[in-house]
Amino acid sequence: SAVVGIAVLIGAVGKFVPHWFMSLPFPLSVILWVWTGHEMPPWTTKDAWKEDEIDTWTRDGDLVVATGAKSGTTFMLYCTHQIRTKGKDTDDELFPDVSIATPWPDLIQSRGGSWAEQKERYNTTILPDGRTMKEVWDHPSYPFRI
């Protein structure tokens, strides 16, 4: 029957080329992704939080912002940045973008990318003003990292 054929097709796509789902409109793309047994959409990863990995990039005193999906992560990161700078305007030049000053380790910035590639980019990417991304998110004037 047609229903069985559609189910087999969805299952095959989910097993062999699941990234095809992401070309469908939201929320259908995510529903099919999860429906076929994948933990989360492909633009996120839990690799940064694995027990053997977390100590390679975090240090004592770091603040980890943990929010649910679609619940205001960018706003929460901006608020925590304002707390760490006590709202000082003089630190605004260090904050060109929320994703640079408060990076998201579980957000993969390129299709098919990995946490290892993302971690390397956090430390080596050269910004338009000539600074490295690490100089912004790990700036010594901040009392703690986010």
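Read on for a plain summary of the structure. None of the values given here were measured: they were computed from a predicted structure.

Comments concerning unusual backbone geometry
- The peptide bond linking F26 to P27 adopts the cis configuration, its omega dihedral lying at 5°.
- Counting through the fold element by element, P27 comes out in the loop between α1 (2-16) and α2 (28-35).

Some details on a negative patch on the surface
- Together, E51, D52, D55 and D60 make up a negatively charged patch on the protein surface.
- The class of D55 is exposed, set by a relative accessible area of 65%.

Thoughts on the packing of aromatic side chains
- For the structure shown, the criterion picks out three aromatic pairs.
- With centroids separated by 5.2 Å and ring planes inclined at 70°, the aromatic side chains of W49 and W57 adopt a geometry described as edge-to-face.
- A relative accessible area of 31% places W49 in the partly exposed class.
- Judged by its relative accessible area of 19%, W57 is buried.

Some words on α2
- Of the residues making up α2, those classed as buried are S29, V30, L32 and W33. Seen from one end, α2 has its buried residues packed into an arc of 165°, which puts them on one side.
- Tucked inside the fold, the buried residues of α2 contact α1.
- Positive backbone phi, at 95°, marks G37, one or two positions downstream of α2.

Looking at the side chain of T73
- As for its placement among the helices and strands, T73 is situated in helix α4 (residues 73-84).
- A polar contact is formed between the side chain of T73 and the side chain of T67, at a distance of 2.5 Å.
- Residue contacts for T73: discarding those within four places in its chain leaves T67, G68 and W104.

Describing the environment of A7
- Within the secondary structure, A7 is located in helix α1.
- Residue classification places A7 among the partly exposed residues on the basis of a relative accessible area of 45%.

Overview of the nonpolar core
- One finds I100, A101, W115, Y122, M133 and V136 to be the most contacted residues of the largest nonpolar core, which totals 15 residues.
- Looking at this core, the elements with two or more residues in it are α5 (98-101), α6 (115-124) and α7 (133-137).
- Residues in contact with I100, not counting those within four places in the same chain, are L127, M133, V136 and W137.
- Core analysis: the second largest hydrophobic core is formed by six residues, V13, F21, M22 and W33 among them.

As for the pattern of salt bridges
- Counted under the stated rule, the structure contains seven salt bridges.
- Close ionic contact of K50 with D47 constitutes a salt bridge, the shortest N to O distance being 3.2 Å.
- We classify K50 as partly exposed; its relative accessible area is 44%.
- The class of D47 is partly exposed, set by a relative accessible area of 30%.
- The shortest N-O distance in the salt bridge between R59 and D138 comes to 2.8 Å.

Calculation criteria
- Residues numbered from 1 in each chain as written.
- Predicted model: local features only at pLDDT ≥ 70, side-chain atom pairs only at ≥ 80, totals over all residues.
- Heavy atoms only, no water.
- Helix = DSSP H or I, 4+ residues; strand = E, 2+ residues; numbered from the N terminus.
- Patch = residues over 30% accessible without salt bridge, like charges linked within 9 Å, V, L, I, M, F, W, Y side chains within 5 Å.
- Areas by Shrake-Rupley, 256 points an atom, 1.4 Å probe, with all protein chains shown as cover.
- Salt bridge = Lys/Arg side-chain N within 4 Å of Asp/Glu carboxyl O.
- Lys, Arg positive; Asp, Glu negative; His and termini not counted.
- Charge placed at Lys NZ, Arg CZ, Asp CG, Glu CD.
- Buried < 20%, exposed > 50% of the residue type's maximum accessible area, 1.4 Å probe, protein only.
- Phe/Tyr/Trp six-rings, centres within 6.5 Å; stacked < 30°, edge-to-face > 60°.
- Arc of directions from axis to C-beta.
- Contact = heavy atoms within 4.5 Å.
- Polar contact = N/O pair within 3.5 Å; in protein donor to acceptor, adjacent residues only side chain to side chain.
- Core = buried A, V, L, I, M, F, W, Y, C linked by side-chain atoms within 4.5 Å.

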